[in-house]
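Observations on the three-dimensional arrangement
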Amino acid sequence: MNANIQGEAHRPGRIEVVCGSMFSGKTEELIRRMKRAKFAKQKVEIFKPSIDTRYSDVNVVSHDQTAIPSTPIETSSTILLLSSDIDVVGIDEAQFLDNGLVDVCNELANRGVRVIVAGLDMDFKGVPFGPMPALCAIADDVTKVHAICVRCGSLAYISHRLVQNDKRVLLGEKMEYEPLCRDCYQKSLTEERKENGE
């Protein structure tokens, strides 16, 4: 009995990554895990890039409008400054943060902190996005979640951009992006090339 109590009191650090395309439920899953940790009386802190102001300047908000208070940050190093005496750290939209996030997450986990990271694994061109590939590599656990392809109903593979804009970072929602499976994405690229006379 005593060993069980000690085991519960000592929660080893770990890194959990939740990744996938837009509209796949990444933020929803992050919020769910953070709320469970809070319910278990753990000290939690959630961070998001200050660039992400789609639904709120300060809250992390999922597409279905579930929200949790967060701290907006400019750089990943700020997380270390603001997470002393915290049991669980959540990080949303991690793809928008700098590559230093990988070292930050490792340091927190090595200190015994549970780190839950959510983000896009690929950009709209299918290229691995920001620190996410490296975070997946060092994570203790990776959960890949899927949206549904809006064209055929299969599992989505990518966030297809619907507007003409080549900037890698373009905040948007359903007017700017649609989840597509690999096959429908390839078909849409062929259609776009034909329209552009390529």
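Residues numbered from 1 in each chain as written. Predicted model: local features only at pLDDT ≥ 70, side-chain atom pairs only at ≥ 80, totals over all residues. Heavy atoms only, no water.

Topic: unusual backbone geometry
Peptide bonds are trans in most cases, and residues, glycine excluded, mostly fall at negative phi. Here is the rule: Helix and strand labels come from DSSP, where a helix needs a run of H or I of at least four residues and a strand needs a run of E of at least two; each type is numbered from the N terminus.
Notably, Lys41 is not glycine yet its phi reads approximately 65°, a positive angle. Note on placement: Lys41 falls in the loop between α2 (26–39) and β2 (44–49).

A closer look at the pairing of strand β9 (residues 158–161)
Basically, it comes down to this: Exposure classes here rest on a 1.4 Å probe applied to the protein chains alone. A residue is buried below 20% of its type maximum, exposed above 50%, and partly exposed in between. For two strands to count as paired, DSSP must find a minimum of two bridges between them.
What you see with β9 is no split at all: Ile158 and His160 on one side and Ser159 and Arg161 on the other are buried throughout. Across four bridges, the pairing between β9 and strand β10 (residues 177–180) is antiparallel. Bridge assignment links Ser159 to a residue of β10, and that residue is Pro179.

Some thoughts on the pattern of salt bridges
A side chain of one charge can pair with a side chain of the opposite charge if their charged atoms are brought near each other. To keep things clear, this is the line we draw: One side-chain nitrogen of Lys or Arg within 4 Å of one carboxyl oxygen of Asp or Glu is enough to make a salt bridge.
Scanning the entire structure with this criterion turns up 11 salt bridges. The residue Asp183 makes a salt bridge to Lys187 at a minimum N-O spacing of 3.2 Å. Of this pair, Asp183 and Lys187 both sit in helix α6 (residues 182–195), four residues apart, roughly one helical turn. Note on Lys187: relative accessible area 46%, which makes it partly exposed.

Remarks on the nonpolar core
The line we're drawing: Here, nonpolar core refers to any group of buried Ala, Val, Leu, Ile, Met, Phe, Trp, Tyr and Cys residues whose side-chain atoms link them within 4.5 Å. In what follows, a contact means two residues having at least one pair of non-hydrogen atoms within 4.5 Å.
If you look at the biggest cluster of nonpolar residues, it comprises 23 residues, and the most contacted ones within it are Ile79, Ile91, Val117 and Leu135. The element contributing the most residues to this core is helix α4 (residues 101–110), with six residues. Those residues in contact with Ile91 that lie beyond four places of it in its chain are Leu30, Phe47, Ile79, Leu97, Leu101, Cys105, Val115, Ile116, Val117 and Ala118. Ile31, Met34, Ala37 and Ile46 belong to the second largest nonpolar core, which has 12 residues in total.

Considering the packing of aromatic side chains
Note the cut-off: For Phe, Tyr and Trp, rings pair up if their centres lie within 6.5 Å, where Trp contributes its six-membered ring, and each pair is then called stacked (planes under 30 degrees apart), edge-to-face (over 60) or tilted (otherwise). Criterion for a charge above a ring: Arg CZ or Lys NZ at most 6 Å from the ring centre, at most 35 degrees from the ring normal.
Evaluated as defined, the whole model comprises one aromatic pair. On the numbers, 6.0 Å between centres and 85° between planes, the contact of Phe96 with Phe129 is edge-to-face. Taken together, the positions of Phe96 in the loop between β6 (88–91) and α4 and Phe129 in the loop between β7 (114–120) and α5 (132–138) put the pair 33 residues apart, joining distant regions of the chain. The pair Phe96 / Phe129 is uniform in exposure class, with both members buried. The ring of Phe124 has Arg161 lying over it, and the distance from NZ or CZ to the ring centre is 3.6 Å.

Here we look at α2
For the α-helix, the turn length of 3.6 residues means that residues three or four positions removed from each other point alike. The cut-off we apply is this: Given the number of residues in a helix, its expected span is that number minus one, multiplied by 1.5 Å.
Between its terminal C-alpha atoms α2 stretches 20 Å, which fits the 20 Å expected from 14 residues at 1.5 Å a residue. Just downstream of α2 lies Lys41, where phi reads positive at about 65°.

Quick word on the side chain of Glu29
What counts here: Pairs of N or O atoms are called polar contacts if they sit within 3.5 Å, as long as, within protein, a hydrogen donor faces a hydrogen acceptor (for residues adjacent in sequence, only side-chain-to-side-chain pairs).
Along the polypeptide, Glu29 turns up in helix α2. You can call Glu29 buried: its relative accessible area is 17%. Engagement of the side chain of Glu29 in a polar contact is seen with the side chain of Arg33, the distance being 2.7 Å.

The analysis is restricted to geometry; functional conclusions fall outside its scope.
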